[in-house]
Amino acid sequence: MRVVFGAGSLSQLPSELERLGAKRALVLSTPEQASAASEVAKALGSHAAGTYDKAAMHVPLEIAEDARRVARELGADCCVTVGGGSTTGLGKAIALTSLLPILAVPTTYAGSEMTPIYGLTERGAKRTGRDPRVLPKAVIYDPSLTLSLPPALSAASGMNAIAHSVEALYAQDANPVISLMAEEGIRALANALPVVVQSPRDLNARAEALYGAWLCGVALGSAGMALHHKLCHVLGGSFNLPHAETHSIVLPHAMRYNYEGAREAMTRVERAMGSGYAPNGIFDLESALGLPMRLADLGMKEADLERAARIATEAPYPNPRTVEYAPVLELLRAAYQGRRPAQS
Ligand code: NAD
């Protein structure tokens, strides 16, 4: 994979396409970013086959199939994704069945562009998989494209990225190089996000945040995820809670759950954040960013917590501490109420 990083680097899109040997790019976006996609298509001139602006959260299968059809009918030979994880995800769905290469232009901090992980949602059920064919062939990180990302979305998406690095630090298959990257990704995002939220048009802070997102994306793509991601998957998939905000709320509580089983990882988080007890370092950063702190704020029903705990504990998976129903239910209650994690 080639990566180009820096303000103004979008201007290198035509030469990056040329490197891929692509001549007919389908430019993808969400409806909200349709005008950004049109601008990109215009800049590509005759090398743009067209735009498709119906990307949606969690890649509904109907949309994936519609976009695959459009790519075929337009004779596209590559996809340029302009947007966050939802748009990159649509490009991956097309690549999975067509092998069209992806050139990703990320505009959030989700990090999907660095991973071979894809997701598709069919009749409300999301399935994910790993396949090297969906890994973008080139990525252009242009921080100036993130200036328009609203502060609340920036904060939630940045904390989602930090969650990827935290779990990579204590993953069963963690390794020392990915841990270096994960720690640096947390440091960069924790440093930049307060500035981004205060001054969304601060290009230096945006560049540091995007650099952190890049690192956290690599961490996500390289290490297996654990309890935190399992819980977020359950809460998103079975209770329809929003992706990034759910990650943000659950993270400090999942870290408290795993604290004793992952002391080295927690020391790295504390060093990266310049904080004491890591779960509180994360919790306090999220509060300072003005993020929602309670699952109740996202519409979770208290009566559903037991069902969520049951689903999250019914099949075993690797985690630093054994995953058991009663303490997981307690974790979910703390996240539901937004309690600051108590050091045990
Ligand atoms: P998103 O892509 O859904 O974007 C959220 C909203 O922000 C959209 O309306 C989008 O158009 C808008 N937006 C994005 N960038 C903008 C900008 N610069 N300015 C203005 N508006 C902008 O959100 P996300 O958090 O990036 O992605 C979430 C999705 O990505 C989830 O479905 C998640 O499962 C997936 N994801 C996948 C991976 C992976 O490795 N496969 C990794 C992370 C996230």
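Up top is the structure these notes are about.
Read on for an overview of the structure. All figures in this text were calculated on a predicted structure; none of them were measured in a lab.

The rules we used
Residues numbered from 1 in each chain as written. Predicted model: local features only at pLDDT ≥ 70, side-chain atom pairs only at ≥ 80, totals over all residues. Heavy atoms only, no water. Helix = DSSP H or I, 4+ residues; strand = E, 2+ residues; numbered from the N terminus. Rg over C-alpha atoms; globule rule 2.2 N^0.38 Å. Buried < 20%, exposed > 50% of the residue type's maximum accessible area, 1.4 Å probe, protein only. Contact = heavy atoms within 4.5 Å. Areas by Shrake-Rupley, 256 points an atom, 1.4 Å probe, with all protein chains shown as cover. Lys, Arg positive; Asp, Glu negative; His and termini not counted. Charge placed at Lys NZ, Arg CZ, Asp CG, Glu CD. Near = heavy atom within 4 Å. Polar contact = N/O pair within 3.5 Å; in protein donor to acceptor, adjacent residues only side chain to side chain. Nonpolar A, V, L, I, M, F, W, Y, C, P; charged D, E, K, R; others polar. Core = buried A, V, L, I, M, F, W, Y, C linked by side-chain atoms within 4.5 Å. Pairing = 2+ DSSP bridges. Axes fitted to C-alpha atoms, helices over the stretch in contact; angles between N-to-C directions. Salt bridge = Lys/Arg side-chain N within 4 Å of Asp/Glu carboxyl O.

**Focus on the overall build of the protein chain**
Line of reasoning, step 1. From N to C terminus, the protein chain includes 13 helices and eight strands.
Line of reasoning, step 2. By the compact-globule yardstick of 20 Å for 344 residues, the protein chain fits well, its C-alpha radius of gyration being 19 Å.
Line of reasoning, step 3. Considered along the principal axes of its C-alpha atoms, the protein chain spans approximately 60 × 40 × 35 Å.
Line of reasoning, step 4. Within the span of the protein chain, comprising 344 residues, buried residues form 57% of the whole.
Line of reasoning, step 5. Counting contacts in the protein chain only where the partners sit at least 6 residues apart, residues at least 24 apart contribute 74% of the total.
Line of reasoning, step 6. Accessible area for the protein chain stands at about 14000 Å²; split by element, carbon and sulfur atoms hold 52% of it.
Line of reasoning, step 7. Looking at charge distribution, the protein chain has the averaged site of its 32 positive side-chain charges lying 3 Å from that of its 33 negative ones.

**Observations regarding the site of the ligand**
Line of reasoning, step 1. As a matter of local geometry, the ligand sits amid 24 residues, with T30, S86, T107, T108 and T115 nearest to it.
Line of reasoning, step 2. T108 places a polar side-chain atom, nitrogen or oxygen, 2.6 Å from an oxygen atom of the ligand.
Line of reasoning, step 3. In this structure, a nitrogen atom belonging to the ligand sits 2.9 Å away from a main-chain N or O atom of I117.
Line of reasoning, step 4. Contact with the protein chains removes 87% of the 860 Å² of surface that the ligand exposes when unbound.
Line of reasoning, step 5. Of all the elements in the fold, those that place two or more residues in the shell around the ligand are α4 (85-98) and α5 (151-169).
Line of reasoning, step 6. A per-element tally of the shell around the ligand places α4 first, with three residues.
Line of reasoning, step 7. Tallied by class, the residues present in the shell around the ligand amount to seven nonpolar, 14 polar and three charged.

**Quick look at the nonpolar core**
Line of reasoning, step 1. M159, I162 and V269 are the most contacted members of the largest nonpolar core, which has 53 residues in total.
Line of reasoning, step 2. Elements supplying a minimum of two residues to this core: β5 (102-106), β8 (138-141), α5, α6 (176-198), α7 (203-222), α9 (243-258), α10 (263-273) and α11 (278-288).
Line of reasoning, step 3. Beyond its immediate stretch of four places on either side in the chain, I162 contacts I186, L189, A190, C216, L251, I282 and L285.
Line of reasoning, step 4. If you look at the next biggest cluster of nonpolar residues, it comprises 26 residues, including L241, M300, A312 and V328.

**Concerning the pairing of strand β7 (residues 125-130)**
Line of reasoning, step 1. Relative to β7, strand β6 (residues 117-122) is paired through six bridges, and the arrangement is antiparallel. Following the sheet pairing, T121 is matched in β7 by K126.
Line of reasoning, step 2. Here β6 folds back onto β7 in antiparallel fashion, the turn holding two residues, of which R123 has a positive phi close to 45°.

**Considering the sheet that holds strand β3 (residues 48-52)**
Line of reasoning, step 1. What the six strands build is an open sheet, ordered β1-β8-β5-β4-β2-β3; its pairing is parallel. Each having just a single partner strand, β1 (2-5) and β3 make up the two edges of the open sheet. On average, each strand axis in the sheet is tilted by 15° relative to the strand beside it, whichever way the strands run.
Line of reasoning, step 2. Two strands pair when backbone bridges link them, and β5 and β8 are joined in this way by two bridges, in the parallel orientation. What sits directly across from A104, in β8, is V139.

**Considerations on the pattern of salt bridges**
Where side chains of opposite charge bring their charged atoms close, a pairing between them can arise.
Line of reasoning, step 1. Counting across every chain of the model gives 16 salt bridges.
Line of reasoning, step 2. One salt bridge in this structure joins E183 and R268, with 2.6 Å as the shortest N-O distance. You can see E183 sitting in helix α6 and its partner R268 sitting in helix α10, a full 85 residues away along the chain. Like E183, the residue R268 is buried in the burial classification.
Line of reasoning, step 3. Measuring nitrogen to oxygen at the nearest pair gives 3.3 Å for the salt bridge that ties R339 to E330.
Line of reasoning, step 4. Of the residues examined, E330 reaches a relative accessible area of 35% and is grouped as partly exposed.
Line of reasoning, step 5. Salt bridges sharing partners connect three or more residues here, namely K54, D66, R69 and E73.

**Here's the deal with unusual backbone geometry**
Line of reasoning, step 1. Backbone geometry places V59, a non-glycine residue, at a positive phi of 45°.
Line of reasoning, step 2. Here V59 lies in the loop between β3 and α3 (61-73).
Line of reasoning, step 3. On the basis of relative accessible area, V59 is assigned to the buried category, the value being 6%.
Line of reasoning, step 4. Positive phi outside glycine occurs at N240, with the angle close to 60°.

These figures capture arrangement, not role.
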